[in-house]
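Per-entry structural report
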Amino acid sequence: MNPLAVLGIDDLAEQLYRQVLRDQARPFGVYASRLNTPVGDVEAAAEQLRALRLVRITEDGRPSADHPRAGLERVLSAEEARHAERRRDLARLRDAIDGFAGDHRAGQEQADTAEAGREYVEIDGLGDVMDHLAASTSGPIRFTHTDALAVSAGEQPVLARLVADGRLLRGLHEFDAASTRSLDVVEWANLGEEQRLATHIPNEFVCYGTDAVIANTDWGGEGGRYVVLRDAVVVRAFVELFDRMWAAASGVDDGAEPTSERLVELMQAGLKDEAIARALGVSLRTVRRRVAALMEECGVETRFQLAVKLTERGLTGFEG
């Protein structure tokens, strides 16, 4: 075992030290031969010893050493003094713990009364952030759609996949926007969104389960920034607001038969019956019954024949 290892001296340097103590001031080649080690390695080992002043190099380049009691006592005294200072530093640090703890308490008290941190989102990155929130959360997604809507259904590929896999997506559409049958409404219906109409949506926001909300900071306006909110109380408040509006809203085309013109528009857009039913806010049975009536009116037996006939005749001549 190398007793000098505690000082950072490796085994070769310890062996060289012993050789120098036994036979002082020999050329490095002599020690290298005795230790069966290259001269360069022996010189490097000697540098370790010289740094601790255990050996010195004579004017003619040979290692020499003082009595080990003097040399090692000097090194030990220096190390003990260093460790004593270190222990004093650690003791002072221990005494300071209470002060740091007080700072922490003050910070916590201030944080409790300060406004929660906000994660703002630039408009050009909004779609990516919304897809990330959809992928990293769970539970129903509650989506408000206003004229200020900055993201379309086509910009939400992750959301589309999640809805296709069974995740619930509910969308509230402002009446003016939805009643004009904008393309956005049809696209969201085709994505799989359950839709209802609201006469007024106070602010644009999306709830991702009960984990997060993304909302426009310009309440009721169109010029604000988007912000992600994760505080549980805030998220619950938005969820409650959405659910209350949802309960008071009406289904798309609620209580009315879909017109032939609107039905044909959705069919020609390539929507399936299920998506058409969601877009119109009627049952799947109603859609299929109206398609069957159109087929009978046009005197055809298949939907392909109906499409050809409608293309030939256009939308004129059909009763609403």
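Residues numbered from 1 in each chain as written. Predicted model: local features only at pLDDT ≥ 70, side-chain atom pairs only at ≥ 80, totals over all residues. Heavy atoms only, no water.

Looking at the confidence of the model for the protein chain
In the predicted model, the protein chain carries a mean pLDDT of 82, and 84% of its residues have values of at least 70. In the predicted structure, residues 315-320 sits below a pLDDT of 50 and forms 15 contacts with residues beyond four places in sequence or in another chain. (pLDDT = per-residue confidence, 0-100. Contact = heavy atoms within 4.5 Å.)

Quick look at the pairing of strand 5 (residues 169-174)
Most of strand 5 is tucked away: five of the six residues are buried. Taken together, the five bridges between strand 4 (residues 141-145) and strand 5 define a ladder with parallel strand orientation. Bridged to histidine 145 within strand 5 is histidine 173. Summarising the sheet, strand 5 and strand 6 (residues 194-198) pair through five bridges and their orientation is parallel. (Buried < 20%, exposed > 50% of the residue type's maximum accessible area, 1.4 Å probe, protein only. Helix = DSSP H or I, 4+ residues; strand = E, 2+ residues; numbered from the N terminus. Pairing = 2+ DSSP bridges.)

Let's talk about the side chain of aspartate 23
Mapped onto the secondary structure, aspartate 23 falls in the loop between helix 1 (11-22) and helix 2 (28-35). For aspartate 23, a relative accessible area of 18% gives the class buried. The contact partners of aspartate 23, leaving out residues within four places of it in the chain, are Tyr31 and Arg34.

Topic: the pairing of strand 8 (residues 212-216)
Of all five residues making up strand 8, five are buried, and the element is well covered by its neighbours. Side-chain alternation along strand 8 places Ala212, Ile214 and Asn216 on one buried face and Val213 and Ala215 on a second face that is also buried. Note that strand 7 (residues 205-208) and strand 8 share four bridges and pair antiparallel. Bridge pairing in strand 8 links phenylalanine 205 to alanine 215. With antiparallel pairing between neighbouring strands as the criterion, strand 7 and strand 8 make up a hairpin whose turn holds three residues, including glycine 209 at a positive phi of roughly 55°. By the bridge criterion, four bridges tie strand 8 to strand 9 (residues 226-229) in an arrangement that is antiparallel. Across the sheet, residue alanine 215 finds its bridge partner in strand 9, namely valine 227.

Some words on the packing of helix 1 against helix 2
Orientation of helix 1 relative to helix 2, taken along the N-to-C sense of each, is 115°, at an axis distance of 11 Å. With respect to the hand of their crossing, helix 1 and helix 2 are arranged in right-handed fashion. Contacts from Leu12, Gln15, Leu16, Gln19 and Val20 of helix 1 reach helix 2 at Tyr31, Arg34 and Leu35. Across the contact of helix 1 with helix 2, the residue classes tally to five nonpolar, two polar and one charged. (Axes fitted to C-alpha atoms, helices over the stretch in contact; angles between N-to-C directions. Left-handed = near helix turned anticlockwise from the far one by under 90°. Nonpolar A, V, L, I, M, F, W, Y, C, P; charged D, E, K, R; others polar.)

Focus on the sheet that holds strand 6
Spatially, the eight strands line up as an open sheet ordered 3-9-8-7-4-5-6-10, and their pairing is mixed. Because the sheet does not close on itself, it has two edges, and the strands there are strand 3 (119-121) and strand 10 (250-251). Packed on one face of the sheet, helix 5 (residues 126-136) meets strand 3, strand 4, strand 7, strand 8 and strand 9 and runs near 160° to strand 8.

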